[in-house]
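Each chain, written out:
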Amino acid sequence: MLSKDIVLVVADTLTAFHLPFYGYERDTAPFLSDLAEENFLFKHAYAPAPWTVPVHASMFTGEMPDVHGTHSESLFFDSSSVAEELSQEGYRTIGVSSNYLVSETLGFDRGFDFFASDDGIFLELNNLDSLKRVFEREQKGEYDSKLEKYGDFLSISLSNFDFSSIYQGARFLFGKELSDSFTLYGDSGASIANRVVERELSSTEEDFFLFVNYMETHQPFRLPDDFNFSYLEEQDLEEKYLDKVWNSDLQGEEVDQELIDISKDFYDTTIRYLDTKIEELYRLVNEESDDFVFIVVGDHGEMLGDEDVWGHQNGIWEELIRVPAIVAGSGVDAGEENSYFSLRRVYDIIKGENPRDLTSSKIFADYRGVEGFSEKFGDGKSPEDEKARKYYFNKSKAVVENGELYVENTELLDKRYGVGNKGKGKVLEPVEVPNSIKIRFGSDLDSLEF
């Protein structure tokens, strides 16, 4: 049966391989470790795709990407959503997302009574009214140039005597131009997201469904100045990472081990920070509700130099699709499940199904390249470029079965991995995917045409 209140927390780009309760050597997530130990943990959870858009659509619908149809070839989410269903059942549905892909732009506000995303959250809560109007116009594509945008901002601020916006707004506008990692609130949005949640829950009398997407573990990694924990030995290594990794394309290139280590240190530090914000959110929910389910998942992972691959929109690797999945809250039976769990079944947990009944003997995933994404967001990648074609425009399909991950890829070698081995030197001999699993995609690899 449905809990009174339901919370879905998505830690964007969080792989299971960097968490202590999945065997990682560092204590990157003390709170999540306690949450997993005291509640219910899926030991082998997998995403149905290695990036944000299709995975969120799968969690909201319970369907594989080839069924709900929201992926790189068709980015807009227009399927019936669990938020719509819960709203019709009387829940107040609240969405707060720090990821611009999980936003109104691509239809992910569907079914939510309240939905806030990206920089608009910050502007609203900090009373930067003039800048908020400029931001809204920019989102609608009303400016032909940056000069026109800045002129409009100054004009609106002066006409409204909104002097508080001028200083902070100038920092925001010009800071965003100077650095992809610039933010007025220090992190990637978790602090402001939690403030929005606190405001919305305090004014909510109905049962609620709360969805939160955090971006702290997504590149470019951002940490507030007052966070006094770091796996990085020196603070200036953050800038070295941003310069050498975030602002470069290192796909397929051999790099110094030092750079890989810096990237992993930085990534682990962001996990440690995000862990504190999820703990903060849990306490906020606990203060407002005496009967709730609290679901925490990663939507996909991140490649940090293993296999000479970086990022996540570059095919299917176990680091990208193996993710954490915890179910906590009122009345949740503590324990672990070792069978395979697909994130598409998050939908069923939200709808009140017993997590123990939602595993299977095999898991499927697919990746359809970045062509539609590149066309919409203009990232400059082209399939005419050999590196881009190999790493970004490849199409992949995979199945996890019997302790192994089979991957077929149009550009990179097909591979067979021992599940959990992850990394160079752990690839088993390449083999064809056995006929026993070629039935139907969603149950069959063959039905996904390259």
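Going by the structure above, here's the rest.
Attention here is on the structure that accompanies the text.

Rules behind the numbers
Residues numbered from 1 in each chain as written. Predicted model: local features only at pLDDT ≥ 70, side-chain atom pairs only at ≥ 80, totals over all residues. Heavy atoms only, no water. Helix = DSSP H or I, 4+ residues; strand = E, 2+ residues; numbered from the N terminus. Buried < 20%, exposed > 50% of the residue type's maximum accessible area, 1.4 Å probe, protein only. Lys, Arg positive; Asp, Glu negative; His and termini not counted. Salt bridge = Lys/Arg side-chain N within 4 Å of Asp/Glu carboxyl O. Polar contact = N/O pair within 3.5 Å; in protein donor to acceptor, adjacent residues only side chain to side chain. Contact = heavy atoms within 4.5 Å. Pairing = 2+ DSSP bridges. Core = buried A, V, L, I, M, F, W, Y, C linked by side-chain atoms within 4.5 Å. Axes fitted to C-alpha atoms, helices over the stretch in contact; angles between N-to-C directions. Parallel < 35°, antiparallel > 145°, perpendicular 65-115°, else oblique. Phe/Tyr/Trp six-rings, centres within 6.5 Å; stacked < 30°, edge-to-face > 60°.

## With respect to the side chain of Glu216
Stage number 1. When you line up the elements, Glu216 lands in the loop between strand 5 (208-214) and helix 10 (237-246).
Stage number 2. For the buried Glu216, which has no salt bridge, the nearest side chain bearing the opposite charge is Arg222, at an N-O separation of 7.1 Å.
Stage number 3. Here the side chain of Glu216 touches Gly189 through a polar contact of 3.1 Å, landing on its backbone nitrogen.
Stage number 4. Setting aside residues up to four positions removed in sequence, Glu216 forms contacts with Asp187, Ser188, Gly189, Ala190, Phe221, Thr270, Tyr273 and Leu274.

## Description of the pairing of strand 1 (residues 5-11)
Stage number 1. Counting buried positions along strand 1 gives 7 out of 7 residues, so the element sits mostly inside the fold.
Stage number 2. On strand 1, burial covers both faces: Asp5, Val7, Val9 and Ala11 on one face and Ile6, Leu8 and Val10 on the other are all buried.
Stage number 3. Sheet topology places strand 1 next to strand 6 (residues 292-298); 7 bridges connect them, and they run parallel. What sits directly across from Val10, in strand 6, is Val297.
Stage number 4. Across 6 bridges, strand 1 lies against strand 5 in parallel orientation. Paired with Val9 across the two strands is Val212, which belongs to strand 5.

## Observations regarding the pattern of salt bridges
Stage number 1. Scanning the model with the defined rule gives 19 salt bridges in all.
Stage number 2. Across the pair Arg283 and Glu279 runs a salt bridge, and its minimum N-O distance is 2.7 Å. One end of the pair, Arg283, and the other, Glu279, are both in helix 11 (residues 257-288), 4 residues apart, so they sit about a helical turn from each other.
Stage number 3. Note on Glu279: relative accessible area 24%, which makes it partly exposed.
Stage number 4. Residues participating in the shared-partner salt-bridge network are Glu73, Asp366, Arg368 and Lys395.

## Overview of the nonpolar core
Stage number 1. Membership of the largest hydrophobic core comes to 57 residues, with the highest contact counts inside it found for Leu8 and Phe209.
Stage number 2. A per-element tally of this core places helix 2 (residues 52-61) first, with 5 residues.
Stage number 3. Other than its neighbours up to four places away in sequence, Phe209 contacts Ile6, Leu8, Val82, Ala83, Leu86, Tyr91, Arg92, Thr93, Ile94, Phe112 and Ile350.
Stage number 4. By size, the runner-up hydrophobic cluster in this structure holds 53 residues, among which are Ala193, Phe221, Leu274 and Ile278.

## Things to note about the environment of Ser382
Stage number 1. Locating Ser382 in the fold gives a position in the loop between helix 14 (371-377) and helix 15 (386-391).
Stage number 2. For Ser382, a relative accessible area of 29% puts it in the partly exposed group.
Stage number 3. Taking C-alpha positions, Ser382 is 8.0 Å from Glu371, a pair spaced 11 residues apart along the chain.

## Quick word on the packing of helix 1 (residues 30-38) against helix 11
Stage number 1. For the pair helix 1 and helix 11, the least separation of the axes is 7 Å and the interaxial angle reads 55°. Taken together, the axis directions place helix 1 and helix 11 in an arrangement best described as oblique. Side by side, helix 1 and helix 11 meet where Pro30, Phe31, Leu32 and Leu35 of the first sit next to Arg272, Asp275, Ile278, Glu279 and Tyr282 of the second.

## What about the packing of aromatic side chains?
Stage number 1. Evaluated as defined, the whole model comprises 20 aromatic pairs.
Stage number 2. Aromatic side chains Phe60 and Phe108 sit 6.2 Å apart centroid to centroid with 65° between the ring planes, which places their arrangement in the edge-to-face category. Taken together, the positions of Phe60 in helix 2 and Phe108 in the loop between strand 3 (92-97) and strand 4 (114-117) put the pair 48 residues apart, joining distant regions of the chain.
Stage number 3. Under the relative-accessibility criterion, Phe60 is labelled buried at 1%.
Stage number 4. Given the relative accessible area of 0%, Phe108 is considered buried.
Stage number 5. Centroid distance Tyr282 to Phe294: 4.9 Å. Interplanar angle 85°. Geometry classified as edge-to-face. Here Phe294 lies in strand 6 and Tyr282 lies in helix 11, a separation of 12 residues in the sequence.

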